[in-house]
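Observations on chain architecture
If you want the building blocks of each chain, they are given just below.
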Amino acid sequence: MEDKAIVELVWNRKEKGIEDMSAKYEKYCFAISCRIVNNKEDAEECVNDTWFSAWNSIPPHRPVNLAGYLAKIVRNISINRYNKKNAAKRGGGSMAVALDELSECVAGRGRVEDNLEMELVTEVISDYLDSQDQTRRWIFLQRYFYLADIKEIAGRLDMKEGTVKSVLCRMRRQLRDYLEMEDVM
């Protein structure tokens, strides 16, 4: 079913919209959540919470890109679940590793998660990514939004892991310089 039709069903409060949304995007949302929470049961709960959150947010929102809308919802729910479970300790999962990598660019006085939520920083990062070619932007988003492993990114692009690491390292350095130039850091 087309995304526009699914959104229309949910907008009109038809439960079939959630059923169709789940059928089309369950694996996608599960993959995003699983990378963050690193636990099948928690990921399943996060995905279920995503459908509930989508139901409650449509209306008033009418997403044009349903996949991106759901990705943002499931990612936020999963990060919250991860943070609750790991409040007392800093785990070694992919989320902690990715945030540690990114902290060299955007960490200020607060935590990385707090800085990433700041509207200005988000806008500047978006501008920086818009200036990158499609492959570099895809690599960056896979690593730091979808929290994909280096090995997985390299496999999808038929690249060596070292090449992906080098691209990310250069991009983090460039992003740090860009944030300083824009007087955000």
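In what follows, the accompanying structure is described. Remember, predicted model here, so these are calculated numbers, not experimental data.

**With respect to a negative patch on the surface**
There is a patch of like negative charges on the surface, built from Glu123, Asp127, Asp130, Glu182 and Asp183. Locating Glu123 in the fold gives a position in helix 7 (residues 119-130).

**Some thoughts on the nonpolar core**
By size, the foremost hydrophobic cluster in this structure holds 28 residues, and its most contacted members are Met21, Tyr25, Cys29, Ile36, Trp51, Leu66 and Leu70. Those elements giving two or more residues to this core turn out to be helix 1 (3-11), helix 2 (15-37), helix 3 (40-57) and helix 4 (66-85). Counting residues per element, this core draws most heavily on helix 4, at ten residues. Discounting residues that sit within four places of it in the chain, Tyr25 has contacts with Asp3, Trp51, Leu66, Ala67 and Leu70. Core analysis: the second largest hydrophobic core is formed by 18 residues, Ile125, Leu129, Phe140 and Ala154 among them.

**Topic: the side chain of Ser78**
Examined against the element boundaries, Ser78 turns out to sit in helix 4. In this structure Ser78 comes out as buried when scored by relative accessible area, which is 0%. Among the polar contacts listed, one links the side chain of Ser78 to the backbone oxygen of Val74, at a separation of 2.7 Å. Once you skip the residues sitting within four places of it in the chain, Ser78 turns out to touch Ser33, Ile36, Val37 and Cys46.

**Notes on the environment of Tyr146**
Mapped onto the elements of the fold, Tyr146 is located in the loop between helix 8 (134-144) and helix 9 (150-157). Relative accessible area serves as the criterion here: at 18%, Tyr146 is assigned to the buried category. Apart from the residues lying within four places of it in its own chain, the contact partners of Tyr146 are Tyr28, Ile32, Arg35, Ala71 and Leu141. A distance of 3.2 Å separates the side chain of Tyr146 from the side chain of Tyr28, its partner in a polar contact.

**Side note on helix 10 (residues 161-181)**
Taking 1.5 Å of rise per residue, 21 residues should cover 30 Å, and helix 10 covers 30 Å from first to last C-alpha, within 8% of that figure. If you check which residues of helix 10 are buried, you get Val164, Val167, Leu168, Met171, Arg172, Leu175 and Leu179. Each buried residue of helix 10 lies within a common arc of 135 degrees when the element is viewed along its axis, so the set occupies one face. A positive backbone phi angle near 60 degrees is found at Asp183, which sits one or two residues after helix 10.

Calculation rules
Residues numbered from 1 in each chain as written. Predicted model: local features only at pLDDT ≥ 70, side-chain atom pairs only at ≥ 80, totals over all residues. Heavy atoms only, no water. Patch = residues over 30% accessible without salt bridge, like charges linked within 9 Å, V, L, I, M, F, W, Y side chains within 5 Å. Areas by Shrake-Rupley, 256 points an atom, 1.4 Å probe, with all protein chains shown as cover. Salt bridge = Lys/Arg side-chain N within 4 Å of Asp/Glu carboxyl O. Lys, Arg positive; Asp, Glu negative; His and termini not counted. Charge placed at Lys NZ, Arg CZ, Asp CG, Glu CD. Helix = DSSP H or I, 4+ residues; strand = E, 2+ residues; numbered from the N terminus. Core = buried A, V, L, I, M, F, W, Y, C linked by side-chain atoms within 4.5 Å. Buried < 20%, exposed > 50% of the residue type's maximum accessible area, 1.4 Å probe, protein only. Contact = heavy atoms within 4.5 Å. Polar contact = N/O pair within 3.5 Å; in protein donor to acceptor, adjacent residues only side chain to side chain. Expected span 1.5 Å × (residues − 1). Arc of directions from axis to C-beta.

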